Amino acid sequence: MGPHPAVAAIRLAVRRVLHDVLTEYDRHTDNTGRAEFAEAGAGRQRATLPERPDTPLVLVACSGGADSMALASALAFESRKLAVRAGGITVDHNLQPGSALRAAEVVTRLGAMDLDPVEAVSVHVGRDGGPEAAARDARYAALDAAAERHGAAAVLLGHTRDDQAETVLLGLARGSGIRSLSGMAAASGPAGRYRRPFLQLDRQTARKACLVQSLPVWDDPHNIDPAYTRSRLRHEGLPALEKALGKGVVEALARTAQLSRDDADALDTWAAEADRSVRDAAGQLECAKLHVLPTAVRRRVLRRALIEAGAPAGSLFARHIEEVDRLITGWRGQRAINLPGRVEAQRQGGRLVIRQSCSASG
């Protein structure tokens, strides 16, 4: 008899990602015979795989919750069948009493799965952007550092389809455009370091996989604390939507994320190509050429130019882009516009001049 359907689903999702990692690893390394080695490793226990310095390391980011424990178990199982080394990282945010003890317990559980290396990383969570954003920034900084330290080819994250739906709704509430509605990418970060195998699986599948495998899980009390926006959305907002609109809201939102990502990627590609055609010989943006571009493309060109001039992407909002866009489409002799990162945008002689400014940013 094969594995429980929930277990089979999580393993298949992880297997597909590991095959992608191996394919990309092959592409970037000079390994003759690597395919033969990968095939030779299939079906063997990991302990019997020959030691090879060119075997990629894949880490799982594990909080001890059901999603990441299911992910860790699937990685441990699939890595024994492929030419992949598997390890785990847990991040202690130091936000709750006993967090260090829980992190140590997660390390023990990951070690029991024969993952290696395994470590707990302690971080300090600041206040910038609110508690949820600050915790996320601290966590990703720690994961980036761990990946660099261990030379990992990829870091697996346990975000599910439910997490994706929540992310889309949060983006919709912010009114920040189609890129925000595209949610989380299956691969993101430096060189696609972060991989999310479970974006097509629901949260209950991961929890069921833990249950049938007798994997202990920790339910973070922050996930049910109404002080946190995502928690309110999860326990109040989405259930209310499903009550009003019927079942299938989560699946529809996740589908919206993928469609939005496809559209946003296409528009970004168009904008990158258009950028070259709207500049003069000196590299200055020509207002007349910008004006004839579709609005979505033009504003992407402007955003790219502002970021290249030093405006922080995270501080550059739609209202900033709209103000700069009016220098193109609603020119009435406006003065220069001050932007985040001490960047200034000004229309001069039919050109849009974007540069660093000594004046205060707005």
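Note that the structure is a prediction, hence the values are computed from the model and not measured.

## Details of unusual backbone geometry
Consideration 1: The peptide bond linking Asp-116 to Pro-117 adopts the cis configuration, its omega dihedral lying at 5°.
Consideration 2: Residue position: Pro-117 is located in the loop between α4 (99-112) and β3 (118-122).
Consideration 3: The phi angle at Asn-94 is positive, at roughly 60°, despite the residue not being glycine.
Consideration 4: Of note, Asn-94 is situated in the loop between β2 (85-92) and α4.
Consideration 5: Phi at Asp-114 is positive, roughly 70°, even though this residue is not glycine.
Consideration 6: Among the structural elements, Asp-114 can be located in the loop between α4 and β3.

## Describing the side chain of Arg-300
Consideration 1: Tracing the backbone shows Arg-300 in helix α12 (residues 295-308).
Consideration 2: A residue is classified by how much of its surface remains accessible, and Arg-300, at 17% relative accessible area, is buried.
Consideration 3: Contact partners of Arg-300, with chain neighbours within four places excluded, come to Ile-178, Ala-264, Leu-267, Asp-268 and Ala-271.

## A short note on the pairing of β3
Consideration 1: Judged by which residues are buried, β3 turns out to be one-sided: Glu-119 and Val-121 face inward and are buried, whereas Val-118, Ala-120 and Ser-122, on the alternate face, are not.
Consideration 2: In terms of strand pairing, β2 meets β3 through 5 bridges, oriented parallel. Bridge pairing in β3 places Ile-89 opposite Glu-119.
Consideration 3: With α4 bridging β2 and the parallel β3, this β-α-β connection has right-handed handedness.

Calculation criteria
Along each chain, the written sequence defines residue order, and numbers are assigned to residues from 1. Given that this is a predicted model, residues contribute local features only at a pLDDT of at least 70 and side-chain atom pairs are listed and counted only at 80 or more, while totals for whole chains, interfaces and linings are drawn from all residues. Derived side-chain values reflect all non-hydrogen atoms in the structure, with water molecules and hydrogen atoms excluded from consideration. A run of DSSP states H or I qualifies as a helix once it reaches four residues; a run of E qualifies as a strand once it reaches two. Both are numbered from the N-terminal end. For every residue, the accessible area (1.4 Å probe, protein chains only) is compared with the maximum for its type, and the residue is labelled buried under 20%, exposed over 50%, or partly exposed between those bounds. Whether two residues are in contact is decided by their heavy atoms, any of which lying within 4.5 Å being enough. By the convention used here, strands pair only if DSSP detects at least 2 bridges between them. The handedness of a crossover follows from its direction of travel: if, with the strands pointing away from the viewer, the path from the first strand over the helix to the second runs clockwise, the crossover is right-handed.

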